[in-house]
Amino acid sequence: MGSLIKAEEVVAEGEWSTEAVVYVNGVRRVLPDGLAHLTLLQYLRDIGLTGTKLGCGEGGCGACTVMISCFDERSRKSHSVQCHETHRNFHLLDCKLIFSYYDLYRHYAINACLAPLYSVEGMHVITVEGIGDSGRSLHPIQESLSQAHGSQCGFCTPGFVMSMYALLRSCNEPPSEEKIEECLAGNLCRCTGYRPILDAFRVFAKTDDLIYTKTMSENNLSGDFICPSTGKPCDCGKGTTNSTETSTRGKQYNPFLYNKIDGSLYSEKELIFPPELLLKKVMSLRLHGFEGIKWYRPLRLQQVLDLKSLYRDAKLVIGNTEVGIETKFKNLQYKVLISVTHVPELNILSLNEKGLEIGASVRLIELQKFLRKVIADYPDDKTSSCKAILEQLKWFAGNQIKNVASVGGNICTASPISDLNPLWMAAGAIFQVISCKGNVRTIPAKDFFLSYRKVNLTYDEILLSIFLPWTRHFEFVKEFKQAHRREDDIALVNAGMRVFLKHDHGTLEVLDASIVYGGIAPVSLTATMTENYLIGKKWDDILLQGALKILQEDIVLTENAPGGMVEFRKSLSSSFFFKFFSFVTNELNHKGFLIEGLNATGLSAIQPNYRPLTRGIQCYELTKHGTAVGLPAMHLSSKLQVTGEAEYADDVPTPPNTLHAALILSRKPHARILSIDDSLAKSSPGFIGLFGHRDVPGSNKIGPIIHDEELFASETVTCVGQVIGIVVADTHDNAKIASNKIVVEYEELPAILSIREAVKSCNFFPNTGRCLTKGDVELCFKSGACDKVIDGEVQVGGQEHFYLEPNSSLVWTVDGGNEIHMVSSTQAPQKTQDYVARVLGLPLAKVVCKTKRIGGGFGGKETRSAFITAAASVPSYVLRRPIKITLDRDVDMMITGQRHSFLGKYKVGFTNAGEVLAIDLQLYNNAGNSLDLSAAVLERAMFHSDNVYNIPNMRITGDVCYTNFPSNTAFRGFGGPQGMLIAENWIQRIAMELQKSPEEIRELNFQNDGCMLHYGQVLQSSTVSQLWDQLKQSCSFVRTRENVNMFNLHNRWRKRGVAMVPTKFGISFTTKFMNQAGALVQVYTDGTVLVTHGGVEMGQGLHTKVAQIAASSFNIPLSSVFISETSTDKVPNASPTAASASSDMYGAAVFDACDQIKARMQHIAARNPHSSFAELAKACYLERIDLSAHGFYITPDIGFDWKDGKGSPFSYFTFGAAFAEVEIDTLTGDFYTREADIIMDLGHSLNPAIDVGQIEGAFVQGLGWIALEELKWGDSDHKWIRPGHLYTSGPGTYKIPTANDIPLKLKVSLLKVPYTKTIRWVCCTDLLMCQDGTGTEILDAGVQNTKAIHSSKAVGEPPFFLASAVLFAIKDAIIAARAEEGYHDWFPLDNPATPERIRMACIDNFTKQFTTPEFHPKLSI
Ligand SMILES: Cc1cc2nc3c(=O)[nH]c(=O)nc-3n(C[C@H](O)[C@H](O)[C@H](O)COP(=O)(O)OP(=O)(O)OC[C@H]3O[C@@H](n4cnc5c(N)ncnc54)[C@H](O)[C@@H]3O)c2cc1C
Ligand code: FES
Ligand code: FES
């Protein structure tokens, strides 16, 4: 007790301050005590800076990126004289140039969602609002991004802007393009496909900094276009955009660096580092938080040790990237937090003759810089470990994490998948720890990790520093890592390996070796037997073979080991060792110590993972109709999106008496609810109430088509994540805390957890069985016409929507509770209105749902957002108070359903020439626990099961499987991609059977105009052949194929593959009544036009296209048209914004309304000559003409009857084709897309820039589906996951593509209109094309589309499937790898083709050690 009091006194000394000052966007803010539980993001949003978004809360998406500027205390000491000088000059420095930089200041990007609020004390926080706004002027970064069409839904946009901004502020010269791509690794975008973002930012990567100065602005003003690729004057920007010329996008790369209003330079507005913070004495901090949390920021090691002796369980924090996850997602609570970022003793970075000393608090970004310098300054031999660590850091999270995460944090977390720990162990690092009494002891890294997340530290010790010894002559260290995704992903398996050799009379003998793996065991695992085996052996092939054998005994993974993928992980461990052996052999050979090195093809085993820069090319023509239609106009709200001003549901200011809600979710896949106990929650802070099925005033039964769901489960639950009730409390956090205290008891019931289990027990939804036939399949099979008949199965994986904006709604009552209004992030306001009216028992006329914009939807917010709003409406209605609900990312992913997984069973008959004669196909989709839209999804899959192939005999049956998973739902393509993917699988199989190329089989079977499709519709205006031929030329298919074959011949361990895939996508809702649209057009007396229609803007540019149609109708500028929001009280009974048809339908409805108004204006116009539309509008008003009209449109000539399985479900088709070339690492399964070439027929595009954006975005999203994104559910194949639970419920485990995953060269072309002319290709981002971009092209395709407004075509969904070209290119590469081992037979490759699937399909001696060649990796379907 005595010592305790003493320690209390230590902490109570006067040196501890409670005054926390921070600057936010140049404004001084004193942070009150009591907020230690808050993150910086919560604080920023609470003070109204809602430009910084909450996308995931776990550091995985970058939506919350802000820039921190701080004064480097270390530099202050070493530069004290200079510092004084700099103070005076600083204004000048920081004001004049964007790239101003001085070592004394650090500017860096962080994830505000993980940063504890007080961690930024004494610093300057700059958010997206701080750098520019639409009222004053945009920052050049913002300007460039909006002009380059780099913002679609806009939810990710502020994060990208701030990552780029931090990079520019931290550079003393313009960054390289590589650096720009690197700095965006921690930012996810689900809409754009990244290309336009990279292009927008690439403009800042000039070597000539004049581009950022006044001179540059003057240049621009004089009209000289500076090519963003070369930084030199270039023709690529000169073209004009008129109605016939091919557009150029050069103008987009012209960020305004001056205010267009007052002409001032933008850089004069750059926020400077606040002088107060420069002068302010840094103090030790002692602050508090919710429920007694204590937050300390000591400045000296002794203070840390004193605190540690006072609070035995105190948690040290630095970056909080681990602790933040523990408190948020693992519900761990730490009462005392000691932030050790400012302790000099823990921030040491020094060198001596023995090695490097690295303080425990050193941030990874600092370590990276330090190692780079050391490697440059010291001889090669000494720095082998340094190089390995530096290389590993390249693949370690995004910059936002590396900027704050520390070396010590990584070590002390002792994660079994830590990327660095195997390297510290292998490199022989020594850890220094210090006790509270000041005793220092050293522990070799290899003895530090005791068991799962447990290290060799006593409660009163902390890690002080790491000593990394220099490597010696003949000592080699190498790092390895394989993750799902190359960048910003945690490892599946990683390793650190070291060998020390003795060179004696021409032989090389192993003196010492360390082989350490991560991701194999609960701790980083030393392969002890292998190490022992190696010692004393000669470095040759015998050693390799022997070691590989012994390694199998070291690597023990049981069948259901956590993480799964046992065979893959074991194979990787061997592959890594083989790579290490090859690496060392090659090094020795290079240095002349080993006569025989690797042969030429063997070198491919060690090719570094170098990824060149990405390049995009877009080719399109402009076909202008009137003032606006056909122009590549910017997204209407892009300026608001790049500045963070654009409002999303979660940004809407809440009324003062708002309550917050959290859902009570089932934790069992199928169970009877025995009891629900809220007694603990009742005493939870801020708790207001728990609402369940008994509180529902209207009907508890909901559903978009049939009402087969319960709003709140009453007796049984049928999936994990089903809503049982809703808790409301005064804050979001309190609602969550209280919801965690609700105890539900269950009696478990048997659950169906896969399609196969449902099929086995015939668990199909009633009345959903479907059949489509054409010809006579049986007869054809029996007739002998088919030379071959084969059968097989295709498994198609699901996909999470991963819209960047999680579901959010604000619901409130009006007029004493008589009406209810809401703002919701839905793509179907009418459906939301309908659900709410139903559960509250109110007439639809009293329920209003509004949606301004949503941060992406992709189908996921069509029906599966409505039940969330409906749940929140119950307490709102009962309590007569506004209720806000915003789902956490993991909850959103867990409960809102995904793209349906499918199982296809086929029997296909074909001739030896490759002509397909008959297909008999059974389709099953995984609906989950309610029908939702699953029957319609299945139907579309059936309609698309022919893709573009003419098959005389077809029978397709379909069943909708009931499973105990959350209800699956619409997702871009709505079943179409699944149907087409199955088709392309059997096409590819036929090709293998016949030893022909799949492209040949595809071409041979193309449908032509007049062909009767299997559902009775006659194909018209098909452009597949033209697209195919153009694509073949564009990608030089024959030559590329030859090059690929040549590459494969010379590379044993890396293979390339190519594929071309066509698509045909039917446009219309297949449910006829949904093909209707309404719009309201209002003309005001100043000539401006307000348009409201039933569609929701979710980034796809719908409002922009519709406004273009209105502008052209009235012959007015686009800027005169405004679309404010979607609201059920303006346009009633709207269909969800889906099926790609919204521009067609709402565009036509608006056109209709404009026509009506124009007709009314006509006689006034004829009577009163007017000089402007405003004048005419005024004249009409004075003549009492109604300037408001309701337009309406129904899609004509469609209809389908499932009774006879015949009709015309589609108004028309959108066609496309894509080529892809990939390269795989056969030893690890890593791959990248070298090139993708996409061509689509979009008729006369309404807005080619938006359409190109849709194609690129859909393609990259499709790439995620076919190659990256794997949903892992607790099913019989994944017993290490709790039954029915989703393991991949956040960006940490579910990997959507990053900017690093897009094709290195991505070309998108729109099919040209039918005439011959000289064209100039669009070429801004492609140097080759820039220099040689003019040519004559014969354009022979007819692309008029009489079925849609202005001859345009729908674009949202059709390109998605084209990404399958990447899957088939991967398969092509795997075929080459298998051929090396003598395997030539067909093999299945499920999507997603993750590293596991690629690696395990590339059979070789390493995989054969652990499994059979027939091994088929597990997939949750
Ligand atoms: C999005 C994201 C991506 C990531 N990617 C990777 C990756 O690619 N590879 C990888 O290996 N990890 C990764 N991580 C994990 C994590 O970021 C790292 O382990 C990081 O280095 C932790 O450092 P920190 O400073 O943030 O730790 P903190 O969260 O601040 O602390 C972590 C733990 O270390 C303890 N600790 C810290 N310093 C000391 C000390 N001196 N003495 C005793 N205990 C101490 C703390 O008390 C705490 O228990 C990722 C995390 C996130 C959120
Ligand atoms: S919200 Fe912070 S990284 Fe996603
Ligand atoms: S624009 Fe990037 S997520 Fe929508």
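Residues numbered from 1 in each chain as written. Chains lettered and ligands numbered in written order. Predicted model: local features only at pLDDT ≥ 70, side-chain atom pairs only at ≥ 80, totals over all residues. Heavy atoms only, no water.

1. Remarks on the nonpolar core
How we decide: The nonpolar core is taken to be a set of buried Ala, Val, Leu, Ile, Met, Phe, Trp, Tyr and Cys residues, with the residues joined through side-chain atoms within 4.5 Å. The rule is simple: take the accessible area with a 1.4 Å probe, protein chains only, and divide by the maximum for that residue type; under 20% is buried, over 50% is exposed, in between is partly exposed.
Trp986, Phe1259 and Ile1370 are the most contacted members of the largest nonpolar core, which totals 167 residues. Membership of the second largest hydrophobic core comes to 97 residues, among which are Ala115, Leu117, Leu356 and Leu371.

2. As for helix α23 (residues 732-740)
For clarity, the cut-off: To qualify as a helix, a DSSP run of H or I must reach at least 4 residues; to qualify as a strand, a run of E must reach at least 2; elements of each kind are numbered from the N terminus. The reported arc concerns the directions from the helix axis to the C-beta atoms and nothing else. Every residue pair with non-hydrogen atoms within 4.5 Å of one another is taken to be in contact.
Burial in α23 covers these residues: Asn734, Ala735, Ala738 and Ser739. Down the axis of α23, the smallest arc covering the buried residues is 135°, so these residues share one side. Packing partners of the buried residues in α23 comprise β23 (659-665), α22 (679-682), β25 (687-691) and β29 (723-729).

3. What to know about the pattern of salt bridges
How we decide: A pairing counts as a salt bridge when a side-chain nitrogen of Lys or Arg comes within 4 Å of a carboxyl oxygen of Asp or Glu.
Using the criterion set out here, one finds 70 salt bridges in the structure. The partner of glutamate 709 in a salt bridge is arginine 864, with the nearest N and O atoms 2.8 Å apart. Of this pair, glutamate 709 sits in strand β27 (residues 709-710) while arginine 864 is found in the loop between β35 (847-851) and α27 (866-879), placing the two residues 155 residues apart along the sequence. Taken together, the shared-partner salt bridges connect Glu177, Glu181, Arg195, Asp199, Arg202, Arg615 and Glu1256 into one network.

4. Re the state of the cysteines
Stated formally: Two cysteine sulfur atoms form a disulfide, by the criterion used here, when they sit within 2.5 Å.
Taken as a whole and judged by the stated rule, the model has zero disulfides. With no disulfide partner, cysteine 786 has as its closest neighbouring cysteine sulfur the one in cysteine 780, 3.7 Å distant. With a relative accessible area of 11%, cysteine 786 lands in the buried category.

5. Notes on the pairing of strand β34 (residues 819-824)
Cut-off, in case you're wondering: When DSSP finds two or more bridges between two strands, those strands count as paired.
For β34, a buried count of five out of six residues is recorded, marking the element as mostly surrounded by other parts of the structure. With six bridges joining them, strand β33 (residues 808-814) and β34 adopt antiparallel strand pairing. Within the sheet, the bridge partner assigned to tryptophan 812 lies in β34 and is histidine 821. Here β33 folds back onto β34 in antiparallel fashion, the turn holding four residues, of which aspartate 815 has a positive phi close to 60°. Pairing geometry for β34 and β35, over four bridges, is parallel. Paired with isoleucine 820 across the bridge in β35 is valine 847.

6. A short note on the sheet that holds strand β18 (residues 475-483)
Strand order across the open sheet formed by four strands is β18-β19-β20-β21, with antiparallel pairing between neighbours. On the outer flanks of this sheet lie β18 and β21 (525-526), each paired with one strand and no other. Across nine bridges, β18 lies against strand β19 (residues 491-504) in antiparallel orientation. Across the sheet, residue lysine 478 finds its bridge partner in β19, namely methionine 497.

7. Considering the confidence of the model for the chain
Our working definition: Per-residue confidence from the predictor is given as pLDDT, running between 0 and 100.
Of all residues in the chain, 90% have pLDDT values of 70 or greater, and the mean over the chain is 90. Low pLDDT (under 50) marks residues 1-5, which in the prediction has one contact with non-local residues, meaning those over four places away or in another chain. pLDDT under 50 marks residues 78-102. Its contacts with residues more than four places away, or in other chains, come to 49 contacts.

8. A closer look at the side chain of serine 1143
With respect to the helices and strands, the residue serine 1143 is situated in helix α35 (residues 1142-1167). For serine 1143, the residues in contact, after removing those within four places along its chain, are Leu1102, Lys1105, Ala1148, Leu1246 and Ile1349.

9. Some details on the packing of aromatic side chains
Where we set the bar: Two rings from Phe, Tyr or Trp (for Trp, the six-membered ring) form a pair when their centres sit within 6.5 Å of each other. Planes less than 30 degrees apart are called stacked, planes more than 60 degrees apart edge-to-face, and all others tilted. Over a ring means this: the NZ of a Lys or the CZ of an Arg is within 6 Å of the ring centre and within 35 degrees of the ring normal.
Within this structure, the stated rule accounts for 36 aromatic pairs. Grouped by ring-pair contacts, the aromatic residues Phe943, Tyr1015, Phe1200, Trp1202, Phe1210, Phe1213 and Phe1215 constitute a single cluster. For the cation-ring pair, arginine 1002 lies above phenylalanine 1368, with the distance from its terminal atom to the ring centre recorded as 5.5 Å. The cationic tip of lysine 1064 hangs over the ring face of phenylalanine 1213; the distance from NZ or CZ to the ring centre is 5.3 Å.

10. Some thoughts on the site of ligand 1
What counts is decided by this rule: Any residue with a heavy atom lying within 4 Å of a molecule or strand is counted as near it. A 3.5 Å cut-off defines polar contacts: any pair of N or O atoms within that distance qualifies, except that in protein one atom must be a possible hydrogen donor and the other a possible acceptor, and neighbouring residues in sequence count only when both atoms are side-chain atoms. The protein chains shown are the only cover counted for residues, whose accessible areas, like all others here, come from Shrake-Rupley with a 1.4 Å probe. Amino acid classes used here: Ala, Val, Leu, Ile, Met, Phe, Trp, Tyr, Cys and Pro are nonpolar; Asp, Glu, Lys and Arg are charged; the rest, including Gly, are polar.
Neighbouring ligand 1 are 30 residues, the closest being Lys315, Leu316, Ile318, Thr321 and Ser406. Isoleucine 318 is positioned such that a nitrogen or oxygen atom in its backbone is 2.7 Å from an oxygen atom of ligand 1. When ligand 1 sits alone it has 990 Å² of accessible area, and the protein chains cover 92% of it. Taken together, the elements giving at least two residues each to the shell around ligand 1 come down to β9 (315-317), α16 (407-413) and β17 (461-469). Of the residues that constitute the shell around ligand 1, the class distribution is 14 nonpolar, ten polar and six charged.

11. What to know about the packing of helix α19 (residues 541-554) against helix α20 (residues 566-590)
Spelled out, the test is: Lines are fitted to the C-alpha atoms to define the axes, a helix being fitted only along its stretch in contact, and any angle between axes, read from their N-to-C directions, falls within 0 to 180 degrees. Should an angle lie under 35 degrees it is considered roughly parallel, over 145 roughly antiparallel, and from 65 to 115 roughly perpendicular; all remaining angles are considered oblique. Rotating anticlockwise by less than a right angle from the far helix to the near helix defines a left-handed crossing, while the corresponding clockwise rotation defines a right-handed one.
At a minimum axis distance of 10 Å, the contact between α19 and α20 shows a crossing angle of 160°. Between α19 and α20, the angle falls in the class roughly antiparallel. Regarding α19 and α20, the two cross each other, and that crossing is right-handed. Contacts between α19 and α20 involve Asp541, Leu543, Leu544, Ala547, Leu548 and Leu551 from the former and Ser573, Ser574, Phe577, Phe578 and Phe581 from the latter. Each residue belonging to the contact of α19 with α20 can be placed in one class, and the counts come to eight nonpolar, two polar and one charged.

12. Points about the sheet that holds strand β3 (residues 27-31)
As summarised here, the arrangement of the five strands in space is β3-β2-β6-β4-β5, forming an open sheet in which the pairing is mixed. Because the sheet does not close on itself, it has two edges, and the strands there are β3 and β5 (105-111). With strand direction ignored, the average angle separating the axes of adjacent strands in the sheet is 30°. Helix-sheet contacts for helix α6 (residues 157-170) involve β4 (65-71), β5 and β6 (124-126), and the interaxial angle to β4 is about 25°.

13. A short note on the environment of leucine 844
In this structure, leucine 844 sits in the loop between α26 (829-840) and β35. Between the alpha carbons of leucine 844 and methionine 497 there is a distance of 67 Å; along the sequence they are 347 residues apart.

14. Points about the UniProt feature "binding site: Mo-molybdopterin" (unreviewed entry) in the chain
Defined as follows: UniProt positions are given in the numbering used here, feature names are shortened, and annotations may be inferred rather than shown by experiment.
In this numbering, the UniProt entry assigns the feature "binding site: Mo-molybdopterin" (unreviewed entry) to Gln827, Phe858, Arg972 and Ala1139. A compact arrangement is adopted by the annotated residues: their sequence extent is 313 residues, whereas the largest C-alpha distance between any two is 12.6 Å. Relative accessible area serves as the criterion here: at 2%, glutamine 827 is assigned to the buried category. Not counting residues within four places of it along the chain, the set of residues in contact with glutamine 827 comprises Ile854, Gly857, Phe858, Gly859, Gly860, Lys861, Glu862, Val1096, Met1098, Pro1136 and Thr1137. Relative to the elements of secondary structure, phenylalanine 858 occurs in the loop between β35 and α27. Its relative accessible area of 11% is what places phenylalanine 858 among the buried residues. Those residues in contact with phenylalanine 858 that lie beyond four places of it in its chain are Arg190, Cys191, His801, Tyr803, Gln827, Ala970, Phe971, Arg972, Met1098 and Gln1261.

15. Points about unusual backbone geometry
Cis geometry is adopted by the peptide bond preceding proline 1392, which originates at asparagine 1391 and carries an omega value of 0°. Among the secondary structure elements, proline 1392 is positioned in the loop between α39 (1364-1380) and α40 (1395-1401). The residue tyrosine 194 is not glycine, and still its phi comes out positive at about 70°. Within the element layout of this structure, tyrosine 194 appears in the loop between α7 (177-183) and α8 (195-202). Unusually for a residue other than glycine, asparagine 767 sits at a positive phi of about 60°.

16. Remarks on the environment of leucine 711
By secondary structure assignment, the location of leucine 711 is in the loop between β27 and β28 (716-717). With eleven residues separating them in the primary sequence, leucine 711 and glutamine 722 have C-alpha atoms 9.0 Å apart. Once residues lying within four places of it in the same chain are set aside, the contact partners of leucine 711 are Val696, Asn700, Ile702, Val723, Val839, Phe867, Ala870, Ala871 and Val874.

17. Thoughts on α27
As a reminder of what qualifies: Expected helix span is taken as 1.5 Å per residue step, with the number of steps being one fewer than the number of residues.
Taking 1.5 Å per residue, 14 residues should reach 20 Å; α27 reaches 20 Å between its end C-alpha atoms and fits that length. Counting buried positions along α27 gives twelve out of 14 residues, so the element sits mostly inside the fold. Every buried residue of α27 is accounted for by Ala866, Phe867, Ile868, Thr869, Ala870, Ala871, Ala872, Ser873, Val874, Pro875, Ser876 and Tyr877. Arginine 880, located one to two residues past α27, shows a positive phi value of around 60°.

18. Quick notes on the side chain of glutamate 1357
We apply this condition: Counted charges follow a simple rule, with Lys and Arg positive, Asp and Glu negative, and His plus the chain ends left uncounted.
Its location among the elements puts glutamate 1357 in the loop between β52 (1334-1337) and α39. Comment: no salt bridge for buried glutamate 1357; closest opposite-charge side chain is arginine 940, at 5.4 Å. A distance of 2.8 Å separates a polar side-chain atom of glutamate 1357 from the backbone nitrogen of glycine 973. Contact partners of glutamate 1357, with chain neighbours within four places excluded, come to Arg972, Gly973, Phe974, Phe1065, Ala1139 and Ser1140.

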